[in-house]
Structures are given as structure tokens and as C-alpha cells.
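One letter stands for each residue in the lines below.
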Amino acid sequence: VQLQAFGGGLVQAGGSLRLSCAASARTFSSYLMGWFRQAPGKEREFVAAISGSGGSTYYADSVEGRFTISRDNQKNTVYLQMNSLEPEDTAIYYCASRPRGYYSLSYSANDYTNWGQGTQVTVSS
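One structure accompanies this document, and this report is about it. (Residues numbered from 1 in each chain as written. Predicted model: local features only at pLDDT ≥ 70, side-chain atom pairs only at ≥ 80, totals over all residues. Heavy atoms only, no water.)

Read from one edge of the open sheet, four strands run E1-E3-E8-E7, paired in antiparallel fashion. Two strands lie at the open edges of the sheet, namely strand E1 (3-6) and strand E7 (67-72), each paired on one side alone. In this sheet, neighbouring strand axes are inclined to one another by 15° on average, regardless of whether the strands run parallel or antiparallel. In this sheet, strand E8 (residues 77-82) lies alongside E7 in antiparallel orientation, the contact comprising six bridges. Considered in E8, the bridge of Arg 71 is made with Val 78. (Pairing = 2+ DSSP bridges. Helix = DSSP H or I, 4+ residues; strand = E, 2+ residues; numbered from the N terminus. Axes fitted to C-alpha atoms, helices over the stretch in contact; angles between N-to-C directions.)

Counted according to the given criterion, the structure contains four salt bridges. A salt bridge links Glu 45 to Arg 37; its shortest N-O distance comes to 2.5 Å. Several salt bridges converge on common partners, so that one network encompasses Arg 37, Glu 45, Arg 66, Glu 86 and Asp 89. (Salt bridge = Lys/Arg side-chain N within 4 Å of Asp/Glu carboxyl O.)

Now for the nonpolar core. If you look at the biggest cluster of nonpolar residues, it comprises 36 residues, and the most contacted ones within it are Trp 35, Leu 80, Met 82 and Tyr 93. Broken down by secondary-structure element, the contributors of at least two residues to this core are E1, strand E3 (17-23), strand E4 (33-38), strand E5 (45-50), E7, E8, strand E9 (91-97) and strand E11 (119-124). Looking at this core, the element that brings in the most residues is E5, giving five residues. If sequence neighbours within four positions are ignored, Tyr 93 has contacts with Ala 5, Leu 19, Trp 35, Phe 36, Arg 37, Val 47, Phe 67, Leu 80, Met 82, Gly 118, Thr 119 and Val 121. (Core = buried A, V, L, I, M, F, W, Y, C linked by side-chain atoms within 4.5 Å. Buried < 20%, exposed > 50% of the residue type's maximum accessible area, 1.4 Å probe, protein only. Contact = heavy atoms within 4.5 Å.)

So, about the state of the cysteines. Here the structure, examined in full by the defined rule, presents one disulfide. There is a disulfide in this structure between Cys 21 and Cys 95, and the S-S distance comes to 2.0 Å. Looking along the S-S bond of the Cys 21-Cys 95 disulfide, the torsion reads about 65°, which is the right-handed sense. Placement of Cys 21 in strand E3 and of Cys 95 in strand E9 is noted, with a sequence separation of 74 residues between them. Accessibility assignment for this pair places Cys 21 and Cys 95 in one class, buried. (Disulfide = S-S within 2.5 Å.)

Take the environment of Cys 95 next. Residue Cys 95 is classed as buried on the basis of its relative accessible area of 0%. The sequence separation of Cys 95 and Val 47 amounts to 48 residues, and the corresponding C-alpha distance is 9.7 Å. Among residues more than four places away in sequence, those in contact with Cys 95 are Leu 3, Ala 5, Cys 21, Gly 34, Trp 35, Asn 114, Trp 115 and Gly 116.

Every second residue of E11 is oriented toward a common face, the buried set being Thr 119, Val 121 and Val 123 and the non-buried set Gln 120, Thr 122 and Ser 124. In this structure, E9 lies alongside E11, joined through three bridges in antiparallel fashion. Looking across to E11, one finds that Ile 92 is bridged to Gln 120.

Phi at Asn 76 is positive, roughly 55°, even though this residue is not glycine. Mapped onto the elements of the fold, Asn 76 is located in the loop between E7 and E8. Positive phi, normally seen in glycine, also occurs at Ser 84, with a value near 50°. Tracing the sequence through the fold places Ser 84 in the loop between E8 and E9. Owing to a relative accessible area of 41%, Ser 84 belongs among the partly exposed residues under this scheme.

Structure follows, in C-alpha cells:
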């Protein structure tokens, strides 16, 4: 499956952005999806994950209550709504998919085999 993330940009602290990730998969609902981010000089870190149906979600503690992951399987798209953004949220954000047949929500980047190209999010103070 090919993934393309977009929607990043520059926003002031306290603001909001919505990221989108479009997938080329024919059976998109078969893929568990995740968002990760990587700040300069830091390792890639988990942000959020969502089950194929969209009924289950999982968040990193650092974004719980501020970010919401969702998906529209008719549009082959997964979203990341980011509210109350902080300068610490500045990073390149990546969407990723687990292989078909894997249903557990994972925070490990190693469990995701397909990655989008990333979209830059910059939060100014």
C-alpha cells in the first residue's frame, strides 16, 4: 500500500492542524494505521494508532486528550486532528500501516511496514 501524508504547516502554540494520509490500498479497512513523528535530533516516536474499522484507537501519553486519530474507509484516508499544539509537537509527521492480518494496536515503528513521505508541522511559541 502506498501512503501520502499532507496537511502540515506552521501554526502558533495553542492552534490546530489536521493531517491527512491518503492510501492506495484496495481494501483499506484491512490495514491498521498509525501516525509517528520525528523531531530534529530525536528518534521517531509513536503518536497514535487506529484499527481497521476505526473502532479502537491508541495514543501516546504526550498527545492524549489533544490529538484525535480517525479514518474514512470510503475515502481511503486516515486523519490526525491536532489541537492545543505546543512547540514540543514540532516534527515531521509520518503515517504508516501494519501488514494485512495484524490487528493489534502497536506503538512500535518496527511493526509498521509501509510509510508515507512525511509532512512538516512547526509550532511557534
